[in-house]
Amino acid sequence: MSRAQKGASSDAAWVASKGPVFTDRTTAQAETRPDPDRLAALARQMGAESHLDAVWDRVVQACVTQIDGADHAGITLLTGDSVSTPAASDELVRIIDRHQYATGEGPCLTAAIDHEAVVRVADLTLDTRWPKFSAAVVGLGVRSMLAFQLYTDSDTIGGLNIYARTPDAFSDDSVHTGTLLAAHAAVAVAAASHSEHLRTALASRDTIGQAKGILMERYKITADQAFDLLIAASQQTHRKLKDIASDLAATGELTVG
Amino acid sequence: MTESPLGLSDGLRLSGLTHEQLWHRYLILGGGRTLGELREHLDSAACPDEHDHNVLAQALNEVFLERDKAHRVGYRNLFRLATERQGLADGR
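Residues numbered from 1 in each chain as written. Chains lettered and ligands numbered in written order. Predicted model: local features only at pLDDT ≥ 70, side-chain atom pairs only at ≥ 80, totals over all residues. Heavy atoms only, no water.

## As for helix α2 (residues 19-28) of chain B
Item 1. Within α2(B), burial applies to L22(B), W23(B), H24(B), Y26(B), L27(B) and I28(B).
Item 2. Of the surrounding elements, those touching the buried residues of α2(B) are α8 (172-219) and α10 (241-251) of chain A together with α1 (8-15), α3 (35-43) and α4 (50-66) of chain B.
Item 3. Phi turns positive one or two residues past the end of α2(B), at G30(B), with a value near 105°. (Buried < 20%, exposed > 50% of the residue type's maximum accessible area, 1.4 Å probe, protein only. Helix = DSSP H or I, 4+ residues; strand = E, 2+ residues; numbered from the N terminus. Contact = heavy atoms within 4.5 Å.)

In structure tokens form, the structure reads like this:
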């Protein structure tokens, strides 16, 4: 038995032990979706979030409650050369995603990396596009999938992934609702990401400013010259400049190796 | 053999960063120019401000540091005390 098969077998055992994960969708959810007013409210709520984790959680919950046929949902995030799952409706999604990342193939990766706006899978047991991935997850109880590329005009963020336990679970309305949610999510994530970058930038700038101030006072030099000293220490020690600055601000010592 | 230092444009191309991603890193290091000004710097042959050039070079070099790559974007006229500490060839 291959490593992938062993992993799938182990995952299938986990799934079998987690019966409640596969609870049926509520009647209320099924009857009210897709709800335009609810989708509009969700778009506004996502746009108002300034923290990425909160945006991801809202997106995942919205997918499960608003997309007809959806049992599970998750996010695939691209960060440089790596992929991760920052939010998922439950552990099964994370298990499935791990199989995609391990095999290097699957609907989510096709949407996120190959820039396919919508990937529709009617039945994983019959679909031949991702043989390694399908073989690995066939025992996990997921049959249908939708994967939407999360992108803005300037960047691909990742993918929004929807799962169902039954084959042919998704209708054209499901695809339409998912496309709307993915578009709103991408805009909200881009905005929240921008806010987080700015928060990080402000904190780092403050630390670097303190470090420069120490060096300026110590050596009677200008701010630009102090920055050059930090560059030298960073290059010499192969550490990031903000880490050098943080140490200097905390200890008064300039680490040069 | 020591490789020649890269220019900003070559460093940006090799880093794979977008202009906006580089600008975020530049802001984190204390840079004060707008994204539009940064684009102008990178598109012109010579960056008019040595300090800005060095902040951008550091931002790019940290990308290569994260990836364990040997590429290095060259600095401009680093403060003499800094070059003495590091032995950079391009210091004054």
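## Brief notes about the sheet that holds strand β5 (residues 156-164) of chain A
Residues and elements named next belong to chain A.
Item 1. Ordered in space as β2-β1-β5-β4-β3, the five strands form an open sheet in which the pairing is antiparallel. Sheet topology places β2 (82-84) and β3 (118-121) at the edges, where each strand pairs with a single neighbour. Sheet twist, expressed as the mean angle between neighbouring strand axes with direction ignored, is 15°.
Item 2. Summarising the sheet, strand β1 (residues 72-79) and β5 pair through six bridges and their orientation is antiparallel. Directly across from H72, in β5, lies its bridge partner Y163.
Item 3. Along the sheet, helix α4 (residues 52-66) makes contact with β1, β4 (144-151) and β5, crossing β1 at roughly 145°.
Item 4. Packing against the sheet, helix α5 (residues 91-103) makes contact with β1, β2, β4 and β5, and its axis sits at approximately 40° to β1. (Pairing = 2+ DSSP bridges. Axes fitted to C-alpha atoms, helices over the stretch in contact; angles between N-to-C directions.)

## Some words on the interface of chain B and chain A
Accessible area lost when the parts come together is the quantity often used to give the size of an interface.
Item 1. With 28 residues of chain B at the contact, the number on the chain A side is 28 residues.
Item 2. Taken over both partners, the interface formed by chain B and chain A buries close to 2,400 Å², and the fraction arising from carbon and sulfur atoms is 61%.
Item 3. For the interface between chain B and chain A, the tally reads one salt bridge.
Item 4. Measuring nitrogen to oxygen at the nearest pair gives 2.3 Å for the salt bridge that ties E66(B) to K240(A).
Item 5. On the surface where chain B and chain A come into contact, there are nine residue pairs in polar contact (both at pLDDT 80 or more).
Item 6. For the side of chain B that touches chain A, the secondary-structure elements that each account for two or more residues are α2, α4 and α5 (80-86) of chain B.
Item 7. If one sorts the elements of the side of chain B that touches chain A by residue count, α4(B) sits on top with eight residues.
Item 8. For the side of chain B that touches chain A, a count of residues per class yields 11 nonpolar, 10 polar and seven charged. (Buried area = accessible area lost by both parts, 1.4 Å probe. Salt bridge = Lys/Arg side-chain N within 4 Å of Asp/Glu carboxyl O. Polar contact = N/O pair within 3.5 Å; in protein donor to acceptor, adjacent residues only side chain to side chain. Nonpolar A, V, L, I, M, F, W, Y, C, P; charged D, E, K, R; others polar.)

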